[in-house]
Amino acid sequence: MCLGVPGKVTEVDGLTATVDFWGVKKRVRLETVDEPVKAGDYVLIHVGFAIRRIPEEEVGQTLALYDELIRATEKDLMTGDIRGEIDAAGGG
Amino acid sequence: MPDMDGEDHFRRFEFRDPGRAQALRRTLSKLCEEIGENVSIMHVCGSHEQSIARFGLRSLLPERLNVIMGPGCPVCVTDMPEVDEAIALARQGITLATFGDMYRVPGSVKSLAQIKAEGADVRVVYSPWEALKLARDVEKEMVFFASGFETTAVPTAAVVLSDPPKNFSVLSAHKYIPPVMEIIAEMPQTRVQGFLAAGHAATITGWKIFERFVERHRIPVVTGGFEPLDILAALVELLELIRDGECRVVNAYPRCVTPEGNQQAQRMLWEVFQTEGGNWRGIAHVPNGNLRIRPKYAWVDARERFEIDLSGLWEEAPPGLAQECICGNIMAGIAGPKDCRLFGKDCTPQSPVGACMVSSEGTCKIWYEYGGHVIVKESPHERFEKREDFHDRVGGSQKG
């Protein structure tokens, strides 16, 4: 759970944003992030809330771990936690 | 997900480069030689332990380097009476919502899953926002039993500040990490020489918060990410600080952790919560270790809103095996899962005795799932002994 999950913002509507997680679009809350967020940004999401806007130049590094984990089996604990984080989004 | 352009692919390659892993491994060995004695480093994050176990990182570490998981699983350190409070509320007929890990954690007598089977209304949610929406759907009182470190307490605070419906309240079992690091540092039997700080808790608090700790305890702290190479690089930083006798904070995870942290999140956290002393399961009384709702939000605090009577519950006998569980020593870093008589036999993910086997962030569950248990600790502070089969199975691919 501590890991959170990064996603790409596709639309911002006040305090909620639509975020794309590997093709799955969900709504997340933005009141907990301390920088303005716009479409195209990547944010780190925890239990349905954005907690960090990931600097653009660091997006690739951040995604590398997740890119691998998201394809692992259901039984994998880290994959399970990440999928749980995606399920947690839906705010708004 | 994203369209990776050429540059991103390059970054990714660099980030997983086996050559870099080897170089880091050699650096770690050299540093351990220079230090000339066994070194114990503690991390306090379930996701760090998952990554260490999943990627077989312990097989890359020098024999003299002992990386142990401390109290980094928020569900595991939730005290039994806190679970009991949730159970007592649900037995009063109140709808209770909680995270999946917490749902199965045994309290003194029972788990929430067990009382749901007996007819109580207990719902599993993934997010505090989902709990809020649920409260709008159910007409009667609904309590969100909230667990997690500061990273998770921030979203709970956001929900409290979002004008929730009148039937919604929070039973907070949220914990705050910095104070428990102080407790661990003072435990004579632990002898931790460096801390790998939890990356995403530090995303909220910032890394400067550890400066006072470092000054007081003369133990270096390094923030680290979750990629295998992130962790190895953070360990190199820590060993360099230990070798040089330098006590300071180093941020080895700058892509998420800043000096001051997420200040918007901190404002929300401290607007709603205050710290209080309380027991962490199996560890100790941790001054300022619990996050409790401030009196100005008493109307949303389940402890203020309801009479919670635990006496009836405690008259029921606790399960016998629980008394043999050594979760507390495991979370304090003075024992490993293999030191527990129950591990993998009477206590498995299918039939957990202690919280460490329930949560995906619990040391026992992580070792059970990823096979970290094949590294056998002889006794605290003595060297690790690695079984040959572990080298054969895990060591080959990454060692080259």
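Calculation notes
Residues numbered from 1 in each chain as written. Chains lettered and ligands numbered in written order. Predicted model: local features only at pLDDT ≥ 70, side-chain atom pairs only at ≥ 80, totals over all residues. Heavy atoms only, no water. Helix = DSSP H or I, 4+ residues; strand = E, 2+ residues; numbered from the N terminus. Rg over C-alpha atoms; globule rule 2.2 N^0.38 Å. Buried < 20%, exposed > 50% of the residue type's maximum accessible area, 1.4 Å probe, protein only. Contact = heavy atoms within 4.5 Å. Areas by Shrake-Rupley, 256 points an atom, 1.4 Å probe, with all protein chains shown as cover. Lys, Arg positive; Asp, Glu negative; His and termini not counted. Charge placed at Lys NZ, Arg CZ, Asp CG, Glu CD. Salt bridge = Lys/Arg side-chain N within 4 Å of Asp/Glu carboxyl O. Phe/Tyr/Trp six-rings, centres within 6.5 Å; stacked < 30°, edge-to-face > 60°. Lys NZ or Arg CZ within 6 Å of the ring centre and 35° of its normal. Core = buried A, V, L, I, M, F, W, Y, C linked by side-chain atoms within 4.5 Å. Disulfide = S-S within 2.5 Å. pLDDT = per-residue confidence, 0-100.

Once that is clear, we can look at the overall build of chain A. A count of helices and strands for chain A gives 2 helices and 5 strands. Secondary structure of chain A in N-to-C order comes out as β-β-β-β-β-α-α. Over its C-alpha atoms chain A spans a radius of gyration of 12 Å, differing by no more than 12% from the 12 Å that the globule rule assigns to 92 residues. For the C-alpha atoms alone, the extent of chain A along its principal axes is close to 35 × 30 × 20 Å. Burial statistics for chain A: of 92 residues in total, 66% are counted as buried. Pairs at least 24 apart in sequence give 44% of the contacts found in chain A among residues at least 6 apart. Surface summary for chain A: the accessible area is close to 3,300 Å², and the carbon and sulfur share equals 49%. Separation between the mean location of the 11 positive side-chain charges and that of the 17 negative ones in chain A comes to 4 Å.

By the definition in use, this model includes 26 salt bridges over all chains. Close ionic contact of Arg54(B) with Glu68(A) constitutes a salt bridge, the shortest N to O distance being 3.5 Å. Separated into two different chains, Arg54(B) in helix 3 (residues 46–54) and Glu68(A) in helix 1 (residues 59–69) make up a pair that spans both. What makes Glu68(A) partly exposed here is its relative accessible area of 31%.

A word on the packing of aromatic side chains. Tallied over the entire structure, the rule returns 8 aromatic pairs over all chains. Centroid distance Phe49(A) to Trp129(B): 6.2 Å. Interplanar angle 70°. Geometry classified as edge-to-face. Here Phe49(A), found in strand 5 (residues 49–54), pairs with Trp129(B), found in helix 8 (residues 128–137), and the two come from separate chains. Both residues of the pair, Phe49(A) and Trp129(B), belong to the buried class. On the basis of an interplanar angle of 90° and a centroid distance of 5.6 Å, the ring pair of Phe99(B) and Phe144(B) is categorised as edge-to-face. Residue Phe99(B) is located in the loop between strand 3 (95–98) and helix 6 (100–103), and its partner Phe144(B) is located in strand 5 (residues 142–148); the two are separated by 45 residues in the primary sequence. Both residues of the pair, Phe99(B) and Phe144(B), belong to the buried class. The ring of Phe55(B) is capped by Arg54(B), whose NZ or CZ atom sits 5.0 Å from the centre of that ring.

Attention now goes to the nonpolar core. Ranked by size, the top nonpolar core spans 170 residues in total, and within it Leu65(B), Phe195(B) and Leu239(B) carry the most contacts. Sorting elements by how many residues they give to this core places helix 13 (residues 228–243) of chain B first, with 10 residues.

Before going further, it helps to examine the state of the cysteines. Residue and element names in this part refer to chain B. This structure, assessed with the given rule, holds 1 disulfide over all chains. Each disulfide pairs two cysteine sulfurs, and for cysteine 73 the partner residue is cysteine 76, the sulfurs being separated by 2.3 Å. Its S-S torsion of about 65° marks the bond between cysteine 73 and cysteine 76 as right-handed, since a negative value means left-handed. Residue cysteine 73 is classed as buried on the basis of its relative accessible area, which comes to 1%. The class of cysteine 76 is buried, set by a relative accessible area of 1%.

The next thing to look at is the confidence of the model for chain B. Residues and elements named next belong to chain B. In this model, chain B carries a mean pLDDT of 86, and residues with pLDDT of at least 70 account for 88%. Contacts from residues 1–13, a stretch scored under 50 in pLDDT, to residues over four places away or in other chains number 20 contacts. Low confidence marks residues 373–400, where pLDDT is under 50. Its contacts with residues over four positions away, or in another chain, come to 59 contacts. Reported for the predicted complex are a pTM of 0.88 and an ipTM of 0.94.

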